[in-house]
Protein chains: 2
Amino acid sequence: MSNALDGAGLMARLDQLAQLSERPDALVRRFLTPEHARANALVAEWMRAAGMSTRTDAIGNVIGRYEGDAPGLPALLLGSHLDTVVDAGRYDGMLGVVSSIACVADLAARNAPQPFAIEVVGFADEEGTRFGATLLGSRALAGTFDPTVLGRTDPDGVSMAEALVRFGLDPARIPTAARRREDFLGYVELHIEQGPVLEAEGLAVGCVTAISGATRLAVEIEGMAGHAGTVPMAGRRDALAAAAECMLLIERRAAAEPELVGTVGRIEAGPGAINVVPGLARFTVDLRAPADERRAVALADLLAGFDEIARRRGVTLAASKTHDAASTPCAPWLADQIRDAIEGEALSLRSLPSGAGHDGMAVGAIAEIAMIFVRCKGGISHNPAEAITAEDAETGARVLARFIRNFTPRISPSRSRP
Amino acid sequence: MSNALDGAGLMARLDQLAQLSERPDALVRRFLTPEHARANALVAEWMRAAGMSTRTDAIGNVIGRYEGDAPGLPALLLGSHLDTVVDAGRYDGMLGVVSSIACVADLAARNAPQPFAIEVVGFADEEGTRFGATLLGSRALAGTFDPTVLGRTDPDGVSMAEALVRFGLDPARIPTAARRREDFLGYVELHIEQGPVLEAEGLAVGCVTAISGATRLAVEIEGMAGHAGTVPMAGRRDALAAAAECMLLIERRAAAEPELVGTVGRIEAGPGAINVVPGLARFTVDLRAPADERRAVALADLLAGFDEIARRRGVTLAASKTHDAASTPCAPWLADQIRDAIEGEALSLRSLPSGAGHDGMAVGAIAEIAMIFVRCKGGISHNPAEAITAEDAETGARVLARFIRNFTPRISPSRSRP
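All figures in this text were calculated on a predicted structure; none of them were measured in a lab. (Residues numbered from 1 in each chain as written. Chains lettered and ligands numbered in written order. Predicted model: local features only at pLDDT ≥ 70, side-chain atom pairs only at ≥ 80, totals over all residues. Heavy atoms only, no water.)

So, on to the overall build of chain A. Looking only at helices and strands, chain A features 12 helices and 16 strands. For chain A, the C-alpha radius of gyration of 24 Å lies close to 22 Å, the compact-globule estimate for 418 residues. Each principal axis of the C-alpha atoms in chain A carries an extent, and together these give about 80 × 45 × 45 Å. For chain A, the proportion of its 418 residues judged to be buried stands at 58%. The long-range fraction of contacts in chain A, counting pairs at least 24 apart against all pairs at least 6 apart in sequence, stands at 77%. A total accessible area of about 16,100 Å² is found for chain A, and carbon and sulfur atoms account for 51% of it. Averaging the positions of the 42 positive and the 53 negative side-chain charges in chain A gives two centres separated by 2 Å. (Helix = DSSP H or I, 4+ residues; strand = E, 2+ residues; numbered from the N terminus. Rg over C-alpha atoms; globule rule 2.2 N^0.38 Å. Buried < 20%, exposed > 50% of the residue type's maximum accessible area, 1.4 Å probe, protein only. Contact = heavy atoms within 4.5 Å. Areas by Shrake-Rupley, 256 points an atom, 1.4 Å probe, with all protein chains shown as cover. Lys, Arg positive; Asp, Glu negative; His and termini not counted. Charge placed at Lys NZ, Arg CZ, Asp CG, Glu CD.)

Okay, here's the thing in structure tokens:
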């Protein structure tokens, strides 16, 4: 076996990428910045060293292709994103790109027959840090890029269209980044978990079952403001107390079902004075589940519970959806092969949903997807304290490499018939 | 009987006072402003018309004195405040001053024997609107004025000392505003309820049992922030969910006991993002009760409950007192005479605590106190929508006048002995 999968080598490349930052004091590498171009160039160099041909597509994704036994075969697509949030960690996204390239290098060193091609993509934008629109790279590749976002501007007033031109790209050519369904046999992304589950169970890797769907609500409760000293408890219509009851309902309902999560992240009370009974309360709800129907049932339960609380307390409650995204299930046949690879590496098997969003949500429009999660320290991400060990990086890469070596494309019914 | 107590006449004077405002679009009359001087002058004119001698003391209180059967007798002190909040109603404070003057006029018309003097005071500052320090007029009269507040500045940068000079007063002479305990037989204040109890029970007036004591807390809960999608419910240490449980505990504990009120008026969650489990929550508590020992027991119960919630949830909770004021009980012998007057007017008797603060809290340092509450619309106060009816104004004045006519000073043990 080559030493392409060596953990220390992977970590060194991640450190190199982390040097490419817009700020000296923190890692930030946004879409279409000079640092994005430098990251693409560095990644393309690694891809070529692994035996791939490389190109940059019309949205700025860097793509390497490693041919199989014959040129032009459908490809197994691997990869993740190269952009970051502001003051980011160095593993979110990049680990998947670096690991995938290492797997191709490992494969090249083995020189075994391979009845499919491999492509590795470093997506140009997943986080949406610069223009407030996410998954731009993977949406362009999947043919679902929304051209209306080209008019969005960054904090300096530069539009996305202008930024593309400055980067050397042509906004009008973005549709050429779209790939066909027939191009790919599937998409597999390795990513840090960004959660605490694997660490809590002492596991280096896990197999993702689905990228959870999410519903977000903005809830507003109107009661009656009053003097904190003069309005007896019995006569109150306290909007914040009603919100508190709703919050505990959300917590209880989500906890009652595995893999369902519900969060109130923001709250405010109006008028917001220490000596005034709140007549107004506003809070947000973020509800996620790997299965859309379970999320729908939970949402209906919450809304019914909110109504009951509001009616009983004599307050009015309005909940409006601010976001609603379906789950992206991982294809069982593909996830099964990842589970085989995990067990093939003599590791305990753990399947878990991804509560965070990933490029696979967009790629899912043209290919079946699966994901491998790698343990990260304390579940911390989007933070400079984001951390993984070299050992876990190597374990993740070994699982991905074994998966690729043993990869058996699914024979689709249409293809299996003459 | 004279027509001094006529409701329409009282309302007309309240309307006249409401014209004396710093702003044309809203009623605001702050301590030591030209409008304060104009209000004092108008009130003094009414006092003199009722047969009183008048003066302004060293803090700017306007004081009228109506002698009894002999000059220099100890006085029954009546009154309330003439300053307002910003965008105020026209009854809070002023109703008590106007009604007290009307009662003296009524008394003068009757020309009956009167073995005590009456003084009516229009306090210069109760609300603390201008300098953020409350009860300035009544504290000066009670000899408890804190001279360190003289250095406080208003929003225009004018110090209280400078404002006194501009008003024609001498800050060094404030101690001369202090009265002696022997000067007064008691203090009785008529005031709008600023709460909904009398209206809910269909009563025009009520007898106050005590001005509730109050404790205010600032509570801070520290849990662990996390990704709203990736941290399972079971592993969370959600600071806001813990705060929600505390809020419902406060509501439940306060509701379990009559006349105890507990309010959370402000709350915030940190970091305050829709997709982040809050690692921090801050909220305020305002706890009031007419009996200090009941407030102390309730506070201890709350703090113990908070601790239990924090321990169970694995979060840390710190509660600090930001305010702590003892209750000012109304003297039973004085309140009994008010109750007699209410029944003498053939009205149903209702005793209730005052959850809001009043000048009596300061005057209580040198005199026993009692209060008469008058019904206000919807319990609304500190708002231009503050409203009372002319009928209720007249009823309140008639109760106060009857109380004065029948007033029997308490024979203190020290005085009853030779």
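Having put the structure on the table, let's press on.
Further remarks concern the packing of helix α7 (residues 239–255) of chain A against helix α8 (residues 292–313) of chain A. Residue and element names in this part refer to chain A. Look at α7 against α8: their axes get within 10 Å of each other, and the N-to-C directions meet at 155°. Relative to α8, the element α7 is oriented roughly antiparallel. Like other packed secondary-structure pairs, α7 and α8 cross with a definite hand, here right-handed. In contact with Ala-241, Ala-242, Glu-245, Cys-246, Leu-249, Ile-250 and Arg-253 of α7, α8 contributes Val-297, Ala-298, Asp-301, Leu-302, Gly-305, Phe-306, Ile-309, Arg-312 and Arg-313. (Axes fitted to C-alpha atoms, helices over the stretch in contact; angles between N-to-C directions. Parallel < 35°, antiparallel > 145°, perpendicular 65-115°, else oblique. Left-handed = near helix turned anticlockwise from the far one by under 90°.)

Okay, the packing of aromatic side chains next. Enumeration over the complete set of coordinates arrives at 12 aromatic pairs over all chains. Considering the side-chain rings of Phe283(A) and Phe306(A), the 6.1 Å spacing of their centres and the 85° angle between planes classify their relative orientation as edge-to-face. With Phe283(A) in strand β12 (residues 280–289) and Phe306(A) in helix α8, this residue pair connects regions lying 23 residues apart in the sequence. Consider the rings of Phe123(B) and Tyr187(B), whose centres lie 6.3 Å apart with planes at 65°: the pair is edge-to-face. Residue Phe123(B) is located in strand β4 (residues 117–123), and its partner Tyr187(B) is located in strand β5 (residues 184–192); the two are separated by 64 residues in the primary sequence. Residue Phe123(B) is classed as buried on the basis of its relative accessible area of 0%. Among the aromatic side chains, those forming a connected cluster through ring pairs are Phe116(A), Trp333(A), Phe403(A) and Phe407(A). (Phe/Tyr/Trp six-rings, centres within 6.5 Å; stacked < 30°, edge-to-face > 60°.)

Superposition of the two copies of the chain requires a rotation about an axis together with a shift along that axis. Rotating chain A by 180° about the axis while translating it 0.0 Å along that axis superimposes it on chain B, leaving an RMSD of 0.0 Å. Put plainly, the chains are arranged around a two-fold axis. Nearest to the rotation axis, the C-alpha of Ala244(A) is located 2.3 Å from it, this being the minimum over chain A. When the interface residues of chain A are mapped onto chain B, 100% of them are again interface residues, pointing to one common binding face. (Least-squares fit on C-alpha atoms with pLDDT ≥ 70 in both.)

So, on to the side chain of Arg295(B). Residue and element names in this part refer to chain B. Relative to the helices and strands, Arg-295 resides in helix α8 (residues 292–313). The buried category is assigned to Arg-295, whose relative accessible area is 6%. Engagement of the side chain of Arg-295 in a polar contact is seen with the side chain of Asp-324, the distance being 3.3 Å. (Polar contact = N/O pair within 3.5 Å; in protein donor to acceptor, adjacent residues only side chain to side chain.)

Turning next to the interface of chain A and chain B. Many authors give the size of an interface as the accessible area that is lost as the parts come together. Chain A puts 47 residues into the contact, and the matching count from chain B is 47 residues. Around 3,700 Å² of area is buried between chain A and chain B when both sides are counted, 65% of it from carbon and sulfur atoms. It is Thr230(A), Met233(A) and Ile274(A) that lose the most area in chain A upon contact with chain B, and together they represent 18% of the buried surface on that side. Across the contact surface, chain A and chain B share two salt bridges. Elements with a minimum of two residues in the side of chain A that touches chain B: α7, β9 (261–263), β10 (267–270), β11 (276–277) and β12 of chain A. Counting residues per element, the side of chain A that touches chain B draws most heavily on α7(A), which supplies nine residues. Split into classes, the residues belonging to the side of chain A that touches chain B amount to 24 nonpolar, 13 polar and 10 charged. (Buried area = accessible area lost by both parts, 1.4 Å probe. Salt bridge = Lys/Arg side-chain N within 4 Å of Asp/Glu carboxyl O. Nonpolar A, V, L, I, M, F, W, Y, C, P; charged D, E, K, R; others polar.)

Residue and element names in this part refer to chain A. Partitioning chain A into structural domains gives domain 1 (3–211 + 328–405) and domain 2 (213–325). Each of domain 1 and domain 2 has a C-alpha centre, and the two are 37 Å apart. Each partner contributes residues to the interface: domain 1 has five residues there, and domain 2 has four residues. Our count for the domain 1 to domain 2 interface comes out at zero salt bridges. Our count for the domain 1 to domain 2 interface comes out at two residue pairs in polar contact (both at pLDDT 80 or more). (Domains from an automatic or database assignment.)

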